[in-house]
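One letter stands for each residue in the lines below.
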Amino acid sequence: MLKDLSPQSFFMGCLTAFVGFASSFAVVLQGLKGVGASDYQAASGLMALSVSMGVCAIVLSAWTRLPVSIAWSTPGAALLATAGAVDGGFPAAVGAFLVCGVLIVIAGLFRPLGRAVASIPAPLANAMLSGVILGLCFAPFKAIAFDPLLGLPILVAWAVVLMVKRLYAVPAALAAFVGVMVLGVDLPEGAMAGWSQSLAPPVEFVAPLFTLPALISIALPLFIVTMASQNIPGIAVLKVNHYEPNPGPLFATTGVFSLLSAPFGGHAVNLAAITAAMCAGEDAHPDPARRYWAAIIGGIGYVVLGLLAGAVTAFVSLAPPILIQAVAGLALIGAFSGSAVGAFREPETREAAAVTFLITASGVSFAGISGAFWGLVAGGLMMGLQRVMERRAG
């Protein structure tokens, strides 16, 4: 196995871990805080997710000898950021995370459930995702309105690097965020001393609480977006690169690691899509049989970064919240544009997709259940009504 390790795979693995962590950790923090986590609980969740997905990537890649890259559910975190706190607070959210993990395991082991998720109309799944993401995508521009001297450098750094190398655009925005933090934000006295004390890995066990509103508002939408926007595309990326994975065991394993991270605040881990393309492509190694080492090295990198989650979260907490929200929003613009195009591409499903998108994006909730679930239900009913009317007209 060690004979397959190469400098090329090592470099790509390190790059995968950095890009995967830096490009979306802000979304994860916003999501966990959105459902009631304290700063320390959010740091614990970030740590648990990063370590879990790192170990999961190492296990799956070594077992299958395929470049199986793992990520946290970025769309799921965006969903949490807009869902809002539920009755029972963060413990209820943790209970929903556990249920989501169980559902992912079942989807991997019980094929009919996996097929049911895959059969959700793509326009509706994309519309729900774009509606979930929309609010955070406003943040970069709200940051400029908040303070142009702080918000504008983040947006400019992202836009300039995007024109040169899309992959590095969000890390560039993160670097600009660090720059404005150091040069433009008045840090409280003793802040850096407190930051140095946060280098110990944050670990907080949260006893789960199971409530029906949390299960419907968080667990079900989180399961759907994780499967439809991460796990299924993750399999597609591997197939595009001429690998033939068995999806069921991969899905089930990510569900197991989601269950392990949930009691410590982690919402869900899943197959990666963007970083999977990095590990599975020719840049990782000319020989496809040796590329799995890129995913293993990336997994090791995630574990190391996860152990530093406390320091990352403590540093971020020193900034005005709108600035880190701006970085999170920039990280989601690509996902928003892709999902919006997918939602409204087909003329015959546009009205149903629009209903799903608008209800989800509105942020309204009924009976304590978030708009993401109701948007998907309403869009499905609209699509069903359209098909009934078409049959009668035919």
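Below is a summary of the structure that appears in this document. Since we're looking at a predicted model, the values are computed, not measured.

Concerning helix H4 (residues 74-83)
Okay, so step 1: Taking burial as the measure, the 10 residues of H4 include seven buried ones, the bulk of the element.
Okay, so step 2: Among the residues making up H4, those that are buried are Thr 74, Pro 75, Gly 76, Ala 77, Ala 78, Leu 79 and Leu 80.
Okay, so step 3: Regarding H4, its N-cap is Ser 73, as a side-chain oxygen of that residue lies 3.0 Å from the backbone nitrogen of Gly 76 further along.
Okay, so step 4: A positive backbone phi angle near 80° is found at Gly 84, which sits one or two residues after H4.

A short note on the packing of aromatic side chains
Okay, so step 1: A full pass over the atoms with the stated rule returns six aromatic pairs.
Okay, so step 2: Between Phe 90 and Phe 97, the ring centres sit 6.3 Å apart and the planes meet at 75°, which makes this aromatic pair edge-to-face. Comparing Phe 90 with Phe 97, the two get one shared label, buried.
Okay, so step 3: Aromatic side chains Phe 205 and Phe 264 sit 6.0 Å apart centroid to centroid with 75° between the ring planes, which places their arrangement in the edge-to-face category. Taken together, the residues Phe 205 in the loop between helix H11 (191-196) and helix H12 (212-240) and Phe 264 in the loop between helix H13 (247-261) and strand S2 (269-271) connect sequence positions 59 residues apart.

Digging into the nonpolar core
Okay, so step 1: Counting 99 residues, the largest nonpolar core has Phe 25, Ile 70, Phe 90, Phe 97, Ile 154, Phe 177 and Leu 323 as the members making the most contacts within it.
Okay, so step 2: If you tally residues by element for this core, the top one is helix H5 (residues 89-109), at 11 residues.
Okay, so step 3: Setting aside residues no more than four positions away along its own chain, Phe 90 makes contact with Leu 32, Val 35, Gly 36, Ala 37, Gln 41, Phe 97, Val 206 and Gly 265.
Okay, so step 4: Counting eight residues, the second-largest nonpolar core is a separate cluster that includes Leu 15, Cys 279, Ala 284 and Ala 294.

Focus on the packing of helix H3 (residues 39-64) against helix H15 (residues 292-307)
Okay, so step 1: One can describe the packing of H3 onto H15 by two numbers: an axis separation of 7 Å at closest approach and a directional angle of 160°. In this view, H3 runs roughly antiparallel relative to H15, as classed from their interaxial angle. Judged by the twist between their axes, the crossing of H3 over H15 is left-handed. Facing H3, whose interface residues are Met 47, Ser 50, Val 51, Met 53, Gly 54, Val 55, Ala 57, Ile 58, Ser 61 and Ala 62, H15 presents Tyr 292, Ala 295, Ile 296, Gly 299, Ile 300, Tyr 302, Val 303, Leu 305, Gly 306 and Leu 307.
Okay, so step 2: A class-by-class count of the residues in the contact of H3 with H15 yields 15 nonpolar, five polar and no charged.

Cut-off values and rules
Residues numbered from 1 in each chain as written. Predicted model: local features only at pLDDT ≥ 70, side-chain atom pairs only at ≥ 80, totals over all residues. Heavy atoms only, no water. Buried < 20%, exposed > 50% of the residue type's maximum accessible area, 1.4 Å probe, protein only. Helix = DSSP H or I, 4+ residues; strand = E, 2+ residues; numbered from the N terminus. Polar contact = N/O pair within 3.5 Å; in protein donor to acceptor, adjacent residues only side chain to side chain. Phe/Tyr/Trp six-rings, centres within 6.5 Å; stacked < 30°, edge-to-face > 60°. Core = buried A, V, L, I, M, F, W, Y, C linked by side-chain atoms within 4.5 Å. Contact = heavy atoms within 4.5 Å. Axes fitted to C-alpha atoms, helices over the stretch in contact; angles between N-to-C directions. Parallel < 35°, antiparallel > 145°, perpendicular 65-115°, else oblique. Left-handed = near helix turned anticlockwise from the far one by under 90°. Nonpolar A, V, L, I, M, F, W, Y, C, P; charged D, E, K, R; others polar.

Nothing here speaks to function; it is all geometry.
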